[in-house]
Amino acid sequence: MAVDPRFNMTIERDASNAEIDAGLRSHMLKVYNLMALGVGVTGLICFFVATNMALLQALMPISFVFLLASIGVGWFAPKVIMSKSMGAAQGMFWAYAALLALGIAPMVAMYLNTNPMIVARAFLISAGMFAGASLVGYTTKKNLSGMAQFMMMAMIGLFILMLVNIFLGSTLLSLGVSFAMVILLAGMTAYETQEIKSMYLSAPSEEVARRLGIMGALQLYSSFVIMFIHVLNILGIMNSDD
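Residues numbered from 1 in each chain as written. Predicted model: local features only at pLDDT ≥ 70, side-chain atom pairs only at ≥ 80, totals over all residues. Heavy atoms only, no water.

Each helix and strand counted, the protein chain has 8 helices and 0 strands in total. Dimensions of the protein chain along its principal axes, counting C-alpha atoms only, are 80 × 35 × 30 Å. Burial analysis of the protein chain (242 residues in total) assigns 41% to the buried set. In the protein chain, 87% of the contacts between residues at least 6 apart in sequence involve partners at least 24 apart. For the protein chain, the exposed surface amounts to about 13400 Å²; the carbon and sulfur share of it is 71%. (Helix = DSSP H or I, 4+ residues; strand = E, 2+ residues; numbered from the N terminus. Buried < 20%, exposed > 50% of the residue type's maximum accessible area, 1.4 Å probe, protein only. Contact = heavy atoms within 4.5 Å. Areas by Shrake-Rupley, 256 points an atom, 1.4 Å probe, with all protein chains shown as cover.)

Printed below as a string of structure tokens:
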């Protein structure tokens, strides 16, 4: 009995789609695991600083140096990750994570020493928002790239406001900026997740996919940690008014 060739084509297409889906799930799991390890390292650094008062006092005046250094590493990270050795690519991720962790450690450590429950609440809120935003980015069919351009411009504007507020010292402005940043970072998380998924599906080789995974983990790590800092700032301001 003759078999309709379209039947075999359907089976092959379904098998191919299943293989792609399995590969994508494995890729995303690796991205999330690397990102989670980065967050874990940040937590350990903050805890270490919080339990060493001399180190905390030494880091407080120069924390901005580590923040600026992390921005510099983040700027060069894409080129290194995509063109240098795999060891160098991994090194860029951990260098960025360590520098950002040292930059925010004094702020987090101060809350850990005074009101650790605020830190726990900020982490849980950030984790919930991150998970929800990332799920939206993974499942949505809408192209988020146009929205991402607007959000990036808005974040640059808010960053300038943050610098201005260093001199103004306005609590209300700080609160407003943090609320806006949290919303924008949730949107960026959705976009970054969609982009990670898209880049994997278009990666020409397994090695390129691995490099893109490191890049994606770096982006998600950055969005989560900065979101956490702004949530912590919101809770800290609101708690001080109680």
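Moving on to the environment of leucine 29. Here leucine 29 shows up in helix H1 (residues 5–50). Residues leucine 29 and glycine 213, 184 residues apart in the sequence, show an inter-C-alpha distance of 9.7 Å.

A word on helix H8 (residues 206–240). In this model, H8 (35 residues) spans 51 Å end to end at C-alpha, consistent with the 51 Å of a helix rising 1.5 Å per residue. Most of H8 sits inside the fold, with 26 of its 35 residues counted as buried. (Expected span 1.5 Å × (residues − 1).)

The biggest cluster of nonpolar side chains holds 72 residues, and the ones touching the most others in it are Met35, Ile81, Val108, Tyr221 and Leu232. Among the secondary structure elements, those contributing two or more residues to this core are H1, helix H2 (53–59), helix H3 (63–83), helix H4 (86–114), helix H5 (116–139), helix H6 (145–168), helix H7 (171–202) and H8. The residues contacting leucine 232, other than those within four sequence positions of it, are Met107, Val108, Tyr111, Ile118, Val119 and Ala122. (Core = buried A, V, L, I, M, F, W, Y, C linked by side-chain atoms within 4.5 Å.)

This paragraph deals with the environment of methionine 28. For methionine 28, the location among the structural elements is in helix H1. Between the C-alpha atoms of methionine 28 and tyrosine 96, which are 68 residues apart in sequence, the distance is 20 Å.

Right, let's talk about a nonpolar patch on the surface for a bit. A contiguous nonpolar surface patch, about 1000 Å² in accessible area, is contributed by Ile62, Phe64, Val65, Leu68, Ile71, Phe159, Met162, Leu163, Ile166 and Phe167. Elements with a contribution of two residues or more to the nonpolar patch: H3 and H6. Per element, the largest residue contribution to the nonpolar patch is 5 residues, and it comes from H6. Locating valine 65 in the fold gives a position in helix H3. (Patch = residues over 30% accessible without salt bridge, like charges linked within 9 Å, V, L, I, M, F, W, Y side chains within 5 Å. Salt bridge = Lys/Arg side-chain N within 4 Å of Asp/Glu carboxyl O.)

On inspection of all chains with the given rule, the structure shows 1 salt bridge. The salt bridge partner of glutamate 207 is arginine 211, with a shortest N-O separation of 3.0 Å. One end of the pair is glutamate 207 and the other is arginine 211, both in helix H8 and 4 residues apart, which spans about a single turn.

Considering every residue of the protein chain, the mean pLDDT works out to 88; 91% of them sit at 70 or more. Averaged pLDDT values for the elements of the protein chain fall to 78 in H1 and rise to 95 in H5. For the stretch residues 11–15, pLDDT sits under 50, and the model shows 0 contacts to residues farther than four places along the chain or on other chains. (pLDDT = per-residue confidence, 0-100.)

Turning our eyes to something else, we now look at H5. In this model, H5 (24 residues) spans 35 Å end to end at C-alpha, consistent with the 34 Å of a helix rising 1.5 Å per residue. Those residues of H5 not exposed but buried are Ile118, Val119, Ala122, Ser126, Phe130, Ala133, Ser134 and Gly137.

A word on the packing of aromatic side chains. Applying the stated criterion across every chain, the model contains 5 aromatic pairs. Ring plane angle 80° and centroid distance 5.7 Å describe the contact between phenylalanine 123 and phenylalanine 224, whose orientation is recorded as edge-to-face. Here phenylalanine 123 is found in helix H5, whereas its partner phenylalanine 224 is found in helix H8, with 101 residues between them in sequence. Judged by its relative accessible area of 5%, phenylalanine 224 falls in the buried class. (Phe/Tyr/Trp six-rings, centres within 6.5 Å; stacked < 30°, edge-to-face > 60°.)

All right, on to the packing of H5 against H8 then. It is at 8 Å that the axes of H5 and H8 come closest, and there the two elements cross at 135°. It follows that H5 is oblique to H8 by the angle criterion. Every pair of crossing elements has a handedness; the one defined by H5 and H8 is right-handed. Each of Ile118, Val119, Arg121, Ala122, Phe123, Ile125, Ser126, Ala127, Met129 and Phe130 in H5 lies in contact with H8, whose residues at this interface are Leu220, Phe224, Met227, Phe228, Val231, Leu232, Leu235, Gly236 and Asn239. By residue class, the composition of the contact of H5 with H8 is 15 nonpolar, 3 polar and 1 charged. (Axes fitted to C-alpha atoms, helices over the stretch in contact; angles between N-to-C directions. Parallel < 35°, antiparallel > 145°, perpendicular 65-115°, else oblique. Left-handed = near helix turned anticlockwise from the far one by under 90°. Nonpolar A, V, L, I, M, F, W, Y, C, P; charged D, E, K, R; others polar.)

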